[in-house]
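# Structure assessment
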Amino acid sequence: MKQWLEQARELDRQDPLLEFRDEFWIPKEADGSEQMYFCGNSLGLQPRRLQADMARELDAWKRLGVEGHFKGDAPWMPYHELLREPLARLVGAQPAEVVAMNSLTVNLHLMMVSFFRPSGARRKILIERQPFPSDRYAVESQLRFHGLEPEKCLVELGGGGDDRVIEESRVEAYLQEHGDTVALVLWPGVHYASGQCFDLARIAAAARSVGAAVGFDLAHAAGNIPLALHNSGADFAAWCSYKYLNAGAGAVAGCFIHERHHGQESLPRFHGWWGADPAHRFKMAKEFRPAPGADAWQLSNPPILAMAPLRTSLQLFDEAGMPALREKSIRLTAFLADLLASGFEELLEIITPFEPKRRGCQLSLRVRAGRDEGRRLFDFLQARGAISDWREPDVIRVAPVPLYNRFEDCARLGDLLAEFSRAS
Ligand SMILES: Cc1ncc(COP(=O)(O)O)c(C=O)c1O
C-alpha cells in the first residue's frame, strides 16, 4: 500500500482546499493521533471558529438580555434572515424559497401538510425502497392522518430484484403507468444506505408530468452535492444540518418551498406567530398575515444558540465554494474507490454507483463474507481510528468529506484493510 500513501500525500500537497482541514477539530485517538474520520455523512465535525461565534451570542444575551432581539451585531429578531442567502446559494434556490427551522422530520411533516393532498383515486405516496426509517414513519403517519391505509397507499419502489441502485427510469415507468393514483413523490437526493445520487430534475419532471406533488429529502445531499432546487421544479425539499453541514448534533434544519407556492392562500399550512409577516407579528392581531416566501411556514421563534453553528458552517461553505468542494470530492472518493478496487474486491463490494455524477462523497461497502464478518471488519477499523458507520443489514459507509478529509486518510484506511485481509 506504500505507493497509495505516497500518491495520497502528493495529492494532499496539491489540494487547494487543504487549509480548510485546519478549520475543524479532528477527533483524536488515545495516543494523540488524529482519527481517519469518515463519518461526516452522519455527524460532521466541529468548526474551530464556532466557539468564538457561540461565545458572541452568549455574550450578547449576557449583556443585552431581551434587547438582544434588536441590538448587537446580529439581532435575534431577524436572525434567521442571516441564513437565507447562504442557504439559497448552497441548495440552488431563490433566497425567498428557503428557511432554516425545526428539524428534518418535523419539516417533512409540515411540508406534507401542504403538499400531500390526497383526493379521489389519487392518494398514494411513492418513496424509494428501504427509505430511512424516519421518512417511512412520517409518510405512514401522514397517510393514517388522512384516513388512508399505508398497506395500500405507500409504494416503495426499488431497483428491481436485489438491486440497491434505483434507475430514474424505474420511477418514470412507474409514474407513467400509475401516475394518476400518486398524490406525492417523496424522494432522496442521495440514498442514505447505497450512497446513490439521483437526478432530481428528472424525478421532479416525471412526478409533475402526471400531476403528482414532489418533494426531496436532502439529508445526505445538502453540503455533499451541488443542488439546483429552484430549477429542478420540486414543490419542496427538506434537509438536516448535522451531517455535511457540520452544525452539530440535532442542528436546525432547512426547508425549500418553490416560489410558485408562495402566497397561495388555498394551500393548507400549519401556522405559528413566526410565520406571520414581521411587520405585523407584534401587533398581536387576531388575523394571521403570512410572511413572504418560505418564512410563512415557520412556527416558533428560532433557537438562536442552535442557529449560530449553522451560520458558522454556511460561512465556511461560502468561503470554500461548492464547485471547488465538489471537484475535490469527486477526486477524493474516486481515489478511495480505485484503492478499494485495486486489491479488496474479494473482501468488499462497492454498492454505490461508479459514475461520479451518480454519487456524492459516500461509498457504501458490502462485506462479501456476510454480516458477522462485516461487523468484525467494522469493529477492527473503529478500534484503529478509522471511523465509519455500520448500517444494517450489511453495509459499512465511508464518507471522505472534502472540507476536512485528506487523501492520506483514504490511503491509511487502505493500510488497515490490507492488515485485516492478511490477518483473516
Ligand atoms: C434520510 C434521512 N431522513 C431523515 C432523517 C431523520 O432526521 P431527523 O432526526 O433530524 O429528523 C435522517 C437522519 O439521519 C436521514 O438520514
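Here the structure is shown first, and the text comes after it.
What this report covers is the structure whose coordinates are included nearby. The shown structure was predicted, so the numbers you read here are calculated from the model rather than taken from an experiment. (Residues numbered from 1 in each chain as written. Predicted model: local features only at pLDDT ≥ 70, side-chain atom pairs only at ≥ 80, totals over all residues. Heavy atoms only, no water.)

The helix and strand inventory of the protein stands at 14 helices and 13 strands. Relative to its length of 424 residues, the protein is compact, with a C-alpha radius of gyration of 22 Å against a globular reference of 22 Å. Summarising its shape, the C-alpha atoms of the protein cover approximately 70 × 60 × 30 Å along the three principal directions. The 424 residues of the protein split such that 56% are buried. In the protein, 70% of the contacts between residues at least 6 apart in sequence involve partners at least 24 apart. Within the structure as shown, the protein displays about 18,000 Å² of accessible surface, and the carbon and sulfur contribution to it stands at 52%. Between the centroid of the 50 positive side chains of the protein and the centroid of its 57 negative side chains there is a distance of 3 Å. (Helix = DSSP H or I, 4+ residues; strand = E, 2+ residues; numbered from the N terminus. Rg over C-alpha atoms; globule rule 2.2 N^0.38 Å. Buried < 20%, exposed > 50% of the residue type's maximum accessible area, 1.4 Å probe, protein only. Contact = heavy atoms within 4.5 Å. Areas by Shrake-Rupley, 256 points an atom, 1.4 Å probe, with all protein chains shown as cover. Lys, Arg positive; Asp, Glu negative; His and termini not counted. Charge placed at Lys NZ, Arg CZ, Asp CG, Glu CD.)

Judged by which residues are buried, strand S8 (residues 254-257) turns out to be covered on both faces: Gly254 and Phe256 on one side and Cys255 and Ile257 on the other are all buried. Where strand S2 (residues 98-100) meets S8, three bridges bridge the pair, whose relative direction is antiparallel. Residue pairing in the sheet places Val99 in a bridge with Cys255 of S8. As paired elements, strand S7 (residues 236-239) and S8 share four bridges and run antiparallel to each other. Directly across from Ala238, in S8, lies its bridge partner Cys255. (Pairing = 2+ DSSP bridges.)

Taken together, Leu104, Thr105, Phe132, Ser134, Asp135, Asp217, Ala219, His220, Tyr242 and Lys243 make up the full set of residues near the ligand. A distance of 2.5 Å separates an oxygen atom of the ligand from a polar atom in the side chain of Thr105. Taken by itself the ligand offers 400 Å² of open surface, and the protein chains cover 81% of this. Mapped onto the shell around the ligand, the elements with two or more residues apiece are helix H4 (104-115) and helix H5 (133-145). (Near = heavy atom within 4 Å. Polar contact = N/O pair within 3.5 Å; in protein donor to acceptor, adjacent residues only side chain to side chain.)

Attention now moves to helix H1 (residues 2-14). Taking 1.5 Å as the rise per residue, H1 with 13 residues should run 18 Å; its terminal C-alpha atoms sit 19 Å apart, in good agreement. Within the span of H1, buried status applies to Trp4, Leu5, Ala8, Leu11 and Asp12. Taken down its axis, H1 places every buried residue within 125° of arc, on the same side. Away from its buried face, by an angle of more than 90 degrees, H1 presents the exposed residues Lys2, Arg13 and Gln14. (Expected span 1.5 Å × (residues − 1). Arc of directions from axis to C-beta.)

Summed over the entire model, instances satisfying the criterion amount to 31 salt bridges. Between Arg63 and Asp59 there is a salt bridge, with its nearest N and O atoms 2.8 Å apart. Residue Arg63 and its partner Asp59 are both found in helix H2 (residues 50-64); the two are separated by four residues, about one turn of the helix. Take Arg63: its relative accessible area is 54%, and that puts it in the exposed class. For Arg89, the salt bridge identified is with Asp318, shortest N-O distance 2.7 Å. Here the residue Arg89 occupies a position in helix H3 (residues 84-91), and Asp318 occupies one in helix H11 (residues 304-320), the gap between them amounting to 229 residues. Since its relative accessible area comes to 49%, Arg89 is described here as partly exposed. (Salt bridge = Lys/Arg side-chain N within 4 Å of Asp/Glu carboxyl O.)

Counting residues in each nonpolar core, the largest one holds 73 residues, and the members touching the most others are Leu126, Leu175, Val185, Trp187, Phe216 and Trp239. It is H11 that contributes the most residues to this core, eight residues altogether. Leave out the neighbours within four places in its chain, and Leu175 touches Leu126, Val182, Val185, Ala206, Ala207 and Val210. Core analysis: the next-biggest nonpolar cluster, separate from the first, contains 34 residues, Trp4, Met36, Phe344 and Leu347 among them. (Core = buried A, V, L, I, M, F, W, Y, C linked by side-chain atoms within 4.5 Å.)

What follows covers the environment of Phe335. Along the chain, Phe335 turns up in helix H12 (residues 322-341). Residue classification places Phe335 among the buried residues on the basis of a relative accessible area of 5%. A C-alpha to C-alpha distance of 7.5 Å links Phe335 and Phe407, two positions 72 residues apart in sequence. Ignoring any residue separated from it by four or fewer positions in sequence, one finds Phe335 in contact with Trp4, Gln7, Ala8, Leu11, Phe407, Cys410 and Ala411.

Here S7 shows a buried face lined by Phe236 and Ala238 and a second buried face lined by Ala237 and Trp239. Bridge count between strand S6 (residues 213-217) and S7: three bridges; the pairing is parallel. Across the sheet, Gly215 pairs through a bridge with Phe236, a residue of S7.

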